[in-house]
Amino acid sequence: MPLTTSARALRSAAARLARPGRWHLRTRLVAVLLALLTVICVLVGMISYSAMSVSLNSQLDSQLAQASARSHDFNLSTPSGPPGTRPDPLNARGTGAGQLNAIISGGYLVTGGILSPTGTRQQLTNNDAQLLAALPTSGTMADASLSIGNYRLQAVPLSNGGVLITGLPLGAVERTLAKLVLTIILVSLTGLIVLGLAGTMIVRRSMAPLEKLSALATRVSRLPLDAGEVALSVRVPDGASRPGTEVGNVGHAFNAMLDNVAHALQARQRSETKVRRFVADASHELRTPLTAIRGYTELLQMTETLTPDGKTSLGRVNAQSLRMGRLVEDLLTLARLDEGRPLSLRTADVTPIAMDAVSDVRVGAPGHHWAIDVPDTPVRAKCDDGQLKQVMLNLLSNAAKHTPAGTTVSTRVSQDADGSPVVTVTDDGPGIPPEFQDVIFDRFSRADTARTGTQGSTGLGLSIVAAIMEAHHGSVELASRPGATTFTVRLPAIPAGQATGPLATVPGRTMPGRTGPENTADGHPGDGHAATPSAKAFPG
């Protein structure tokens, strides 16, 4: 495993290096700086090498010309005897160590050798003699590789028909140039390393304000700005937000943007607070007149003799007042939840709450098939049992309102592996349109064109479900397709050590026994739909 991780890290690093566009800005700056310095070092090295080579070769040419002239003068000033007693050019005045002198006559080496550093003669080989004999006698200088090293040679004709050859070694020039090249490489590498480290430190220090700005922007991006009162107090430090430099200008502009966003969020919060207060006050004030309207309507129905049209009209007034009352109660519930009032949390068994909710809803929707599946052991949850029952009633009534008669609505209570209580409400109706699923938990969201039920909807039922689950730190999720719609309610698990003890008594009616596919909540034999994924539901 470590080798695999290292190999992946190496491949990732190689991939980043292969794509300079993905490098960090400081890496690109340092890389460009080092590239420019490398080019400069190469150019300086080439110019230095060329200048040194020209200078050393010019000195060597001058020395060779002087040595050849001395040897030529020595040969002319010394009388020559028999062929075996010709004057030796190495005996000329000013001959230095390593100098080569030779006399060629008729293509053969007459005399010649090299003066060693100890002052002795070093003889030439036959191959050396052949190379010397092939030199042009025009006095031009030529380089040749002899058995004892590289030499620069010059051949000049003698008055007696022979050829005087003088040579100086190239070793000193070659060693000097090699040392120069090595020095340039070492100095350049050292300079690049030092400048690279210094440049990295300088660039990193210069880029530090931008990194702080990036970290600050990341923090702001993770703040929950979509709802509630937001305290947007983070700002770029003064050292990185002073106008006048590029980084300072960016920091100053970022702070100005944050100030603008903070003011906009405060204005939005004030507006939302006013709207919520108005809704809460208006809903509270409407409860009394609505109660009076319903009371007088019922009184008229009981005490007065009305024509059929009068009874119909009075019935419509009563029905609309009841609908208005439900809307007012929903608005009051949402207003209380928005205020963040503390919940009356206690440990309760989710099973009887779900059974009571199914029992209550099936009375008003006898045309649907109701089924419930609960475990034999209690499913404990830390919850406000009244609000949790409201969640289940809203989901069940939502399924009843927006699915046709004959639809099977199944409720299942279970517990996840981590101990989280889970309640699912499913139906086998026509399903929810995909474009409506994203906004189904928004307030006043209604898919009017897709309704199949006979009862109206305020569009607040599922928004109340979402608000109650948020207050419980739980969640509600939707999965829908034609023939299978499922609402999943998940509550937080009770911490270990708190899941024991007496359960709270849940008020209300409890259905005896456990019902399943064989015994549905409407009292009819099961048709196999109790465990089937559910149906269509629209917010109500």
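Values in this document were obtained by computation on a predicted structure and should not be read as measured data.

Definitions and limits used
- Residues numbered from 1 in each chain as written.
- Predicted model: local features only at pLDDT ≥ 70, side-chain atom pairs only at ≥ 80, totals over all residues.
- Heavy atoms only, no water.
- Phe/Tyr/Trp six-rings, centres within 6.5 Å; stacked < 30°, edge-to-face > 60°.
- Helix = DSSP H or I, 4+ residues; strand = E, 2+ residues; numbered from the N terminus.
- Buried < 20%, exposed > 50% of the residue type's maximum accessible area, 1.4 Å probe, protein only.
- pLDDT = per-residue confidence, 0-100.
- Contact = heavy atoms within 4.5 Å.
- Salt bridge = Lys/Arg side-chain N within 4 Å of Asp/Glu carboxyl O.
- Pairing = 2+ DSSP bridges.
- Axes fitted to C-alpha atoms, helices over the stretch in contact; angles between N-to-C directions.

S.K.: Help me understand the packing of aromatic side chains, please; the structure alone is not making it clear to me.
M.R.: For any pair of aromatic rings, the description consists of the separation of the ring centres together with the inter-plane angle of the planes. Counted under the stated rule, the structure contains one aromatic pair. Here F441 and F487 contribute two aromatic rings whose centre-to-centre distance is 6.2 Å and whose plane-to-plane angle is 90°, an arrangement assigned as edge-to-face. Of this pair, F441 sits in the loop between α9 (434-437) and α10 (461-471) while F487 is found in strand β13 (residues 484-490), placing the two residues 46 residues apart along the sequence. For F441, a relative accessible area of 22% gives the class partly exposed. Residue F487 is classed as buried on the basis of its relative accessible area, which comes to 1%.

S.K.: Where do I start with the confidence of the model for the protein in this structure?
M.R.: Close inspection of predicted coordinates is inappropriate in any region flagged by low pLDDT. Residues at a pLDDT of 70 or more form 83% of the protein, whose mean pLDDT is 80. In this model, residues 449-454 is a region of pLDDT below 50 whose contacts with residues beyond four sequence positions or in other chains number 12 contacts. Scored below 50 in pLDDT, residues 506-540 makes 124 contacts in the model with residues more than four places away or belonging to other chains.

S.K.: How should the pattern of salt bridges be read in this particular structure?
M.R.: Summed over the entire model, instances satisfying the criterion amount to seven salt bridges. Among the ionic pairs, D259 bridges to R235, the shortest N-O distance being 2.7 Å. Placement of D259 in helix α5 (residues 246-303) and of R235 in the loop between α4 (171-221) and α5 is noted, with a sequence separation of 24 residues between them. The class of R235 is partly exposed, set by a relative accessible area of 29%. Between K389 and D360 there is a salt bridge, with its nearest N and O atoms 3.1 Å apart.

S.K.: Where do I start with α10 in this structure?
M.R.: Most of α10 sits out of view: eight of its 11 residues are buried. Within α10 the residues assigned to the buried category are G461, L462, S463, I464, V465, A467, I468 and M469. Taken from the residues just after α10, H473 is the one with a positive phi, measuring 60°.

S.K.: Got a minute to help me understand the pairing of strand β1 (residues 100-105) in this structure?
M.R.: A regular strand carries its side chains on alternate faces of the sheet. Buried residues dominate β1, accounting for five of its six residues. Sheet topology places β1 next to strand β2 (residues 108-115); six bridges connect them, and they run antiparallel. Bridge assignment links N101 to a residue of β2, and that residue is G113. Where β1 meets strand β6 (residues 163-169), five bridges bridge the pair, whose relative direction is antiparallel. When the bridges of β6 are listed, L100 appears paired with G167.

S.K.: Looking at this structure, I do not really get the sheet that holds strand β12 (residues 475-481). What am I missing?
M.R.: As a general point, the strands of a sheet are linked pairwise by backbone hydrogen bonds and lie either parallel or antiparallel. What the five strands build is an open sheet, ordered β8-β10-β11-β13-β12; its pairing is mixed. The sheet is open, and its two edges are formed by β8 (369-373) and β12, each paired on a single side. Ignoring strand direction, the axes of neighbouring strands in this sheet form an average angle of 15°. Judged from the six bridges that link them, strand β11 (residues 421-427) and β13 form a sheet pairing that is antiparallel. Bridged to V422 within β13 is R490. Strand contacts of helix α7 (residues 350-364): β8, β10 (408-415) and β11, with the helix running at about 175° to β8, the strand carrying the most contacts. Against the sheet, α10 makes contact with β12 and β13, and its axis sits at roughly 140° relative to β12, the strand it touches most.

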